[in-house]
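# Report on the structure
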Amino acid sequence: MELPQRELAVLEAASADEPTPIAELASATGQKPETVTGAAFDLEERGLVSVTEDTVADVELTEEGKRYREVGLPEVRLYAAALDAGADEDPVSMGSVLGDADLDGPEVDIALSNYARKGYGEIEHGDLSADPDADPDVDDEAAALDAIAADDPIDDEVRETLERRDLVVVHERTVRSVTLTDDGVDALIAGVSATEAVGQLTPEMLASGEWADVEFADYNVEADAETPSSGKTHVLRATAERVKDVLVGMGFEEMEGPHADSEFWINDALFMPQDHPARTHWDQFALSEPSEVDDLPDDLLERVEDAHREGVGQDGDGYHSPWTEEMARGVDLRGHTTSLSMRYLSGEAVGDLEPPQRYFSVEKVYRNDTLDATHLLEFFQIEGWVMAENLSVRDLMGTFTEFYSQFGIEDVRFKPHYNPYTEPSFELFGTHPRTGEVIEIGNSGLFRPEVLEPLGVECDVMAWGLALERLLMLTHGFEDIRDVHGTLADIDFLRNTEVVY
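Residues numbered from 1 in each chain as written. Predicted model: local features only at pLDDT ≥ 70, side-chain atom pairs only at ≥ 80, totals over all residues. Heavy atoms only, no water.

The geometry of helix α2 (residues 22-29) relative to helix α3 (residues 33-45) is characterised by a closest axis approach of 9 Å and an angle of 105 degrees between their N-to-C directions. Relative to α3, α2 is oriented roughly perpendicular. Of the residues in α3, those touching α2 at I22, L25, A26 and T29 are P33, V36, T37 and A40. Considered class by class, the residues forming the contact of α2 with α3 number six nonpolar, two polar and no charged. (Axes fitted to C-alpha atoms, helices over the stretch in contact; angles between N-to-C directions. Helix = DSSP H or I, 4+ residues; strand = E, 2+ residues; numbered from the N terminus. Parallel < 35°, antiparallel > 145°, perpendicular 65-115°, else oblique. Contact = heavy atoms within 4.5 Å. Nonpolar A, V, L, I, M, F, W, Y, C, P; charged D, E, K, R; others polar.)

This is the structure:
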């Protein structure tokens, strides 16, 4: 039997008794790991070796883990302080023990949450007791920190606990190993030599004319080939384009505007009080450069401030809460695309608009949310509004019924809701096709006079913000928003999902 030199080297270096990792074969043959891997797969196709894959978890201490390895876990330090205070005989005040344990702010909660869990003692009514039989020297988690530092293996359950506590990070990698098959052993016994045949035609061979004098290896036309994965439009982008087509077909025009905008357009013009909880850094992303804008229309700024302070109309009362121009000029990443609606309705974007008008956008927004199956830090919002005389809730509901029917969704539900900027207001809900769960898909309402009058709008405006990803959930049946974008995206789902128009 004749084999290419790289395959012969791997075949001779492999063992029939136990799997040999690719890295060891590369060292033994003097070849690159990627060359050895390619040769191993070629040999596997010939039936001479088998290639196995194992996932190996490399565990590394975080900075917090390194610190606790040096000074001790917070719960262990709390136990030591409790013993010094005599808590093994009678309960003592928790406050005094915490001070003696030398715990900083976050470590207090960490110590208290793990103290009883590990059996170090009890915490009740502000008093702390210590179990005299507890032995912190055999704390599995503390011992695991030392083992990781020494590159020793640790128990999987302990590793998962340390990972949840952010004391370690786990990096998974795939290790391939090669084992000789019976046919491979027989081939070596019978004798295998290196062929002089060339396996690949190169540009250098063509340029020099060497190709005419070399022997090429046989091409196996029956060998399995990789399935090609061609590029395609992302299902979320395809759905966004479909939404645009539907809304344009319903007579809407598209809006555009900045992702980073002033607080004035994002919130103040929308009659959101400046002390509203949603306007803190807990919900918004503020920019330090630029930190504020200079080009706000002075007359509109004055009218919006007056609406916040005094209200609108004879019965208007305003918010009687702090309002400063400095905050209005601050720059944030927009938390909703209603900032675009404010720019267009005020005439700032395209000049004064006369009713009737219909506008929409399908753009990205940014919120400081907790990541979970239905929330991301950035997502797409379907913004829309209609300006016309004598609009009612029936017009609003009818618009949604028509819009969602274009996607095969016929069971949209409405629930009264409160917004600072619309009255009446409604949340929209749809039924998940796989779980049957009723999920929120949007928010809507008719803009209040406190929004419209400062903008110079003298007729009704109904508006909404719908979640593009939630619409995708209803049309495609997935349950986790991270399946379609982000680091946890389901590549097979994205690659194989059919986009239906």
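There is more to say after this.
Let us look at a nonpolar patch on the surface. Where nonpolar side chains cluster on the molecular surface, the patch consists of L201, L206, W211 and F216 and spans about 390 Å² of accessible area. One can find L206 in helix α11 (residues 203-208). (Patch = residues over 30% accessible without salt bridge, like charges linked within 9 Å, V, L, I, M, F, W, Y side chains within 5 Å. Areas by Shrake-Rupley, 256 points an atom, 1.4 Å probe, with all protein chains shown as cover. Salt bridge = Lys/Arg side-chain N within 4 Å of Asp/Glu carboxyl O.)

Here we take up the pairing of strand β16 (residues 422-431). With respect to burial, β16 is a largely interior element, seven of its ten residues being buried. In the sheet, strand β15 (residues 413-417) pairs with β16 via five bridges, with the strands oriented antiparallel. The residue bridging F414 from the neighbouring strand is L428, located in β16. Linking β15 back to β16 in an antiparallel pair, the connection comprises four residues. Looking at chain direction, β16 and strand β17 (residues 438-447) are connected through eight bridges and run antiparallel. The residue of β17 that forms the bridge with S425 is G445. The antiparallel pairing of β16 with β17 creates a hairpin that spans six residues between the two strands, and G436 there sits at a positive phi of about 75 degrees. (Buried < 20%, exposed > 50% of the residue type's maximum accessible area, 1.4 Å probe, protein only. Pairing = 2+ DSSP bridges.)

This part takes up unusual backbone geometry. Note that the residue after E289, namely P290, is joined by a cis bond; omega there is 0 degrees. Structurally, P290 can be placed in the loop between β11 (285-286) and α14 (298-310). A cis geometry characterises the amide bond from E423 onward to P424, with omega recorded as 0 degrees. You can see P424 is positioned in strand β16. Residue D151 is not a glycine yet carries a positive backbone phi of 60 degrees. Note that D151 resides in the loop between α8 (140-149) and α9 (156-164). Given a relative accessible area of 71%, D151 falls into the exposed group.

Attention now goes to the pattern of salt bridges. Within this structure, the stated rule accounts for 26 salt bridges. For K244, the salt bridge goes to E241, with nearest N and O atoms at 3.8 Å. With K244 and E241 both in helix α12 (residues 235-249) and three residues apart, this pair spans about one turn of that helix. The shortest N-O distance in the salt bridge between E378 and K364 comes to 2.9 Å. Of the two residues, E378 sits in strand β14 (residues 378-388) while K364 sits in strand β13 (residues 357-366), which places them 14 residues apart along the sequence. Residues joined by salt bridges that share partners form a network here, namely E75, R117, K118, D139, E141 and R165.

Time to look at the sheet that holds β15. Read across the sheet, seven strands follow the order β9-β13-β14-β18-β17-β16-β15 without closing on themselves; strand pairing throughout is mixed. The open sheet has two edge strands with one neighbour each: β9 (253-254) and β15. Relative to strand β18 (residues 460-467), β14 is paired through eight bridges, and the arrangement is antiparallel. Note that in β18 the partner of I382 across the bridge is L466. Of the strands in this sheet, β9, β13, β14, β17 and β18 touch helix α16 (residues 338-345), which is tilted by about 30 degrees from β14. Helix α19 (residues 468-476) contacts β13, β14, β16, β17 and β18 of the sheet and is inclined by roughly 135 degrees relative to β17.

Helix length check: α3, at 13 residues, gives a terminal C-alpha distance of 19 Å against a target of 18 Å (1.5 Å per residue), a fit within 8%. Of all the residues in α3, the buried ones are V36, T37, A39, A40 and L43. Projected down its long axis, α3 carries its buried residues within an arc of 165 degrees, all on one side. Among the exposed residues of α3, those pointing more than 90 degrees away from its buried face are E34 and E45. (Expected span 1.5 Å × (residues − 1). Arc of directions from axis to C-beta.)

Counting residues in hydrophobic clusters, the biggest one holds 41 residues, and the most contacted among them are V243, I382, F403, Y404 and L468. Of all the elements, α12 adds the most residues to this core, at six residues. The contacts of I382, once residues within four sequence positions are left out, are V243, L247, S361, V362, F403, W464, G465, L466, L468 and L471. Judged by nonpolar contacts, the second largest core, of 34 residues, contains M272, W323, M342 and L455. (Core = buried A, V, L, I, M, F, W, Y, C linked by side-chain atoms within 4.5 Å.)

Right, let's talk about the confidence of the model for the chain for a bit. Summing up the model confidence of the chain, the mean pLDDT is 87 and the portion of residues at 70 or higher is 97%. For the chain, strand β8 (residues 193-194) is the element with the lowest average pLDDT, namely 78, and β9 is the one with the highest, namely 95. (pLDDT = per-residue confidence, 0-100.)

With respect to the helices and strands, M250 occurs in the loop between α12 and β9. In this structure, the C-alpha to C-alpha distance between M250 and F403, residues 153 residues apart in sequence, is 8.3 Å.

Below, the discussion takes up the side chain of E263. As for its position among the elements, E263 is in helix α13 (residues 263-266). A polar side-chain atom of E263 sits 3.1 Å from a polar atom in the side chain of Q284. In this structure E263 touches D268, R279, Q284, M327, A328, G330 and D332, once residues within four positions along its chain are discounted. (Polar contact = N/O pair within 3.5 Å; in protein donor to acceptor, adjacent residues only side chain to side chain.)

Looking now at the packing of aromatic side chains. Under the criterion given, the structure shown has eleven aromatic pairs. Both rings, one in F252 and one in W464, keep their centres 5.9 Å apart while their planes meet at 70 degrees; by these two values the pair is edge-to-face. Of the two residues, F252 sits in the loop between α12 and β9 while W464 sits in strand β18, which places them 212 residues apart along the sequence. On the numbers, 5.2 Å between centres and 50 degrees between planes, the contact of Y344 with Y359 is tilted. Residue Y344 is located in helix α16, and its partner Y359 is located in strand β13; the two are separated by 15 residues in the primary sequence. Taking the relative accessible area as the measure of exposure, Y359 reaches 7% and is therefore buried. Grouped by ring-pair contacts, the aromatic residues F252, F400, F414 and W464 constitute a single cluster. Between R242 and the ring centre of F407, over which it is positioned, the NZ or CZ distance is 5.7 Å. (Phe/Tyr/Trp six-rings, centres within 6.5 Å; stacked < 30°, edge-to-face > 60°. Lys NZ or Arg CZ within 6 Å of the ring centre and 35° of its normal.)

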